[in-house]
Amino acid sequence: MPRISERWPTLPVSEWQDTAATLHRWTQIVGKTRLSLTPLVNHWWNSTLYVSARGLITGAMHSGDVALDIGFDFVDHTLEIRSSRAKTVLLPLRAQSVAGFYTEYLAALRGIGVELHISAVPNEAEDETPLAKDQPHHPSDPQYATSTRTMPSKSG
């Protein structure tokens, strides 16, 4: 049986801290969506994202007569917005600012009939730059979000 160090990918912080900071803000945007579109549960548990086979997912939410869920797919590097009214909207997770992601995200939601009203400031972060104005953060290597980046194959 391989040792733990052989089973887990190496993630040197200095190489992926920009990616981590950007993903943190992107997940806050989606988490704030969940907080806005679901009933409040103790300790804001309704804002959590769940681990999926390919990344993170919100679970079902409702906006008027639209049911939707939103998932980060870290294998194909996309954000999937699935709706009861429309086909899945895919946004690429590419090197772009938080502001650019936020603008595309809001447009995609409007496109399926969801008007979102959230606090557009990051929570519990030193840098409180509003999401719509956050230009410096952008991932330098989206491969760091992929769980299979350096994992050995089953046969290996």
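Provided above is the structure to which this section pertains.
This one's a predicted model, so the numbers in the text were calculated from it and none came from an experiment.

Trainee: Sorry if this is basic, but what is going on with the pattern of salt bridges here?
Mentor: Close approach of charged atoms allows side chains with opposite charge to pair. Scanning all chains against the criterion turns up 7 salt bridges. Of the charged contacts in the structure, one is a salt bridge between arginine 94 and glutamate 104, with a shortest N-O distance of 2.6 Å. Residue arginine 94 is found in the loop between β6 (89–92) and α3 (98–111), and its partner glutamate 104 is found in helix α3; the two are separated by 10 residues along the sequence. The class for arginine 94 is partly exposed, based on a relative accessible area of 36%. Taken together, the shared-partner salt bridges connect Arg25, Asp127 and Asp134 into one network.

Trainee: Please clarify how the packing of aromatic side chains should be interpreted in this entry.
Mentor: The geometry of an aromatic ring pair is captured by the separation of the ring centres together with the interplanar angle, meaning the angle of the planes. On inspection of all chains with the given rule, the structure shows 3 aromatic pairs. Centre to centre, the rings of tryptophan 26 and phenylalanine 101 are 4.5 Å apart; their planes meet at 15 degrees, and the pair counts as stacked. You can see tryptophan 26 sitting in helix α2 (residues 13–37) and its partner phenylalanine 101 sitting in helix α3, a full 75 residues away along the chain. The same class applies to tryptophan 26 and to phenylalanine 101, which are both buried. Cluster of aromatic residues (ring-pair linked, three or more members): Trp26, Phe101 and Tyr105.

About the criteria used
Residues numbered from 1 in each chain as written. Predicted model: local features only at pLDDT ≥ 70, side-chain atom pairs only at ≥ 80, totals over all residues. Heavy atoms only, no water. Salt bridge = Lys/Arg side-chain N within 4 Å of Asp/Glu carboxyl O. Helix = DSSP H or I, 4+ residues; strand = E, 2+ residues; numbered from the N terminus. Buried < 20%, exposed > 50% of the residue type's maximum accessible area, 1.4 Å probe, protein only. Phe/Tyr/Trp six-rings, centres within 6.5 Å; stacked < 30°, edge-to-face > 60°.

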